[in-house]
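# Structure at a glance
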Amino acid sequence: MTVFFIGAGPGDPELITVKGQRLIRSCPVIIYAGSLVPAAVLEGHQAELVVNSAELHLEQIIGLIKTAHEKGQDVARVHSGDPGLYGAIGEQIRLLRELGIGFQIIPGVTAVAACAALLEAELTLPDIAQSVILTRYADKTAMPEGEVFSSLAQHGTTMAIHLGVNHLEKIVAELVPHYGEDCPIAVVHRATWPDQDWAIGTLADIAGKVAAKGFRRTALILVGRVLASDSFGESSLYRAGHAHLYRP
């Protein structure tokens, strides 16, 4: 018996991996995060039991898994995006290890990747940014020492900020000293869902644009010069005259 932590992707049912889809269709037990995973992701399943974990607390989820373990039934534990990023799987894994229950993690398409595709942007451009910081804004959960938002902003590179749309004005205030008011920023709401929407602007005007849209949750913030720059160098990979293993 195995618990499969499956990344369902950002919302579009076609953005789940083939492996993740196969497991959902074959596991006799499905526990899915219904608040963020569309029901369409489960199409074609033949499970005996399908449970929406949005209505459960951790102990109830583990209780369902223990029952499945006793019956020798594999479990598809379906999370949104990639379960390794803000997926709350760590606490589940810790308990599964204590119980001696096997598990595997099946990665998924991240919200960051989905938003970059929607914005038609490469997040790592030569001479502009070669690093991407994935972080969140401190709210109910404090940030660990060394990960204070203003400290991360000092790098000035591409930044993807989760769970921060309700604190956008504070975020902007901490970004401006390091990025400048003219730095491009985008706030994407429910990327790849049928009702996806977004606001694009600069640090100077994005708060007003987002307020006009009414975004309150399920939004990702992307900031960095990569979002609006055509002035960057070419990569070495495809540069004529640059030799490598496949192009001597």
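The preceding data block contains the structure.
Overview of the structure. (Residues numbered from 1 in each chain as written. Predicted model: local features only at pLDDT ≥ 70, side-chain atom pairs only at ≥ 80, totals over all residues. Heavy atoms only, no water.)

## Considering the overall build of the protein chain
Counting its regular elements, the protein chain contains seven helices and 10 strands. With respect to the three principal axes, the spread of C-alpha positions in the protein chain is 60 × 50 × 35 Å. Within the protein chain, the proportion of its 248 residues that are buried is 42%. For the protein chain, the share of sequence-separated contacts (at least 6 apart) that also reach a separation of at least 24 residues comes to 67%. Entry remark: accessible area of the protein chain is about 13100 Å², with carbon and sulfur atoms responsible for 51%. Here the protein chain carries 19 positive and 26 negative side-chain charges, and the mean point of each set is 4 Å from the other. (Helix = DSSP H or I, 4+ residues; strand = E, 2+ residues; numbered from the N terminus. Buried < 20%, exposed > 50% of the residue type's maximum accessible area, 1.4 Å probe, protein only. Contact = heavy atoms within 4.5 Å. Areas by Shrake-Rupley, 256 points an atom, 1.4 Å probe, with all protein chains shown as cover. Lys, Arg positive; Asp, Glu negative; His and termini not counted. Charge placed at Lys NZ, Arg CZ, Asp CG, Glu CD.)

## Looking at the packing of aromatic side chains
The description of an aromatic ring pair uses the distance of the two centres, along with the angle that the planes make with each other. What the rule picks out here adds up to two aromatic pairs. Summarising the aromatic geometry, the rings of F5 and F103 are spaced 6.2 Å apart at their centres and angled 75 degrees between planes, so their arrangement reads as edge-to-face. Highlighted residues: F5 in strand β1 (residues 2-7) and F103 in strand β5 (residues 102-106), separated in sequence by 98 residues. When its relative accessible area of 0% is taken as the criterion, F5 is described as buried. Judged by relative accessible area, F103 falls into the partly exposed class, the value being 24%. Between the aromatic rings of Y137 and F149, the centroid separation amounts to 5.5 Å while the plane-to-plane angle is 70 degrees, which identifies the pairing as edge-to-face. Within this pair, whereas Y137 is found in the loop between β6 (132-136) and α5 (149-153), its partner F149 is found in helix α5, the two being separated by 12 residues in sequence. F149 gets classed as buried once you look at its relative accessible area, which sits at 6%. Above the plane of the ring of W193 lies R190, whose end atom (NZ or CZ) is 4.1 Å from the centre. (Phe/Tyr/Trp six-rings, centres within 6.5 Å; stacked < 30°, edge-to-face > 60°. Lys NZ or Arg CZ within 6 Å of the ring centre and 35° of its normal.)

## A short note on the sheet that holds strand β7 (residues 158-162)
Overall, mixed pairing links the five strands, which are arranged β6-β7-β10-β8-β9 in an open sheet. Each of the sheet's edge strands pairs with one partner strand only, and the pair in question is β6 and β9 (197-202). Adjacent strand axes in the sheet meet at a mean angle of 15 degrees, parallel and antiparallel pairs treated alike. The pairing of strand β8 (residues 184-189) with β9 spans six bridges and is classified as antiparallel. Residue I185 lies in a different strand from β9, and its bridge partner there is G201. (Pairing = 2+ DSSP bridges. Axes fitted to C-alpha atoms, helices over the stretch in contact; angles between N-to-C directions.)

## A short note on the sheet that holds β1
Sheet strands associate in pairs through backbone hydrogen bonding, adopting either a parallel or an antiparallel arrangement. The parallel open sheet is built from five strands, whose spatial order is β3-β2-β4-β1-β5. Two strands close off the open sheet at either side, each with one partner strand: β3 (49-52) and β5. For this sheet the average axis-to-axis angle between neighbouring strands, irrespective of direction, equals 15 degrees. The sheet contact formed by strand β2 (residues 29-32) and β3 spans four bridges and is parallel. Across the sheet, residue I31 finds its bridge partner in β3, namely V51. The strands touched by helix α2 (residues 58-71) are β1, β2, β3 and β4 (75-79); relative to β2, the strand with the most contacts, the crossing angle is about 165 degrees.

## Concerning the nonpolar core
If you look at the biggest cluster of nonpolar residues, it comprises 24 residues, and the most contacted ones within it are M159, L175, V187 and V223. When residues of this core are traced back to their parent elements, those giving at least two are α5, β7, α6 (168-179), β8, α7 (206-213) and β10 (219-223). At five residues, the largest contribution of residues to this core is made by α6. With residues near it in sequence (within four places) discarded, M159 still touches I133, T135, F149, L152, A153, L175, Y179, I221, L222 and V223. (Core = buried A, V, L, I, M, F, W, Y, C linked by side-chain atoms within 4.5 Å.)

## With respect to the pattern of salt bridges
Enumeration over the complete set of coordinates arrives at four salt bridges. R190 is the salt-bridge partner of D195, the closest N and O atoms lying 2.8 Å from each other. By relative accessible area, which is 40% here, D195 ends up partly exposed. The salt bridge involving K213 is made with D197; its shortest N-O contact spans 3.1 Å. Taken together, the residues span a long stretch of sequence, with K213 in helix α7 and D197 in strand β9 at a distance of 16 residues. Accessibility expressed as a relative area gives 40% for K213, which makes it partly exposed. (Salt bridge = Lys/Arg side-chain N within 4 Å of Asp/Glu carboxyl O.)

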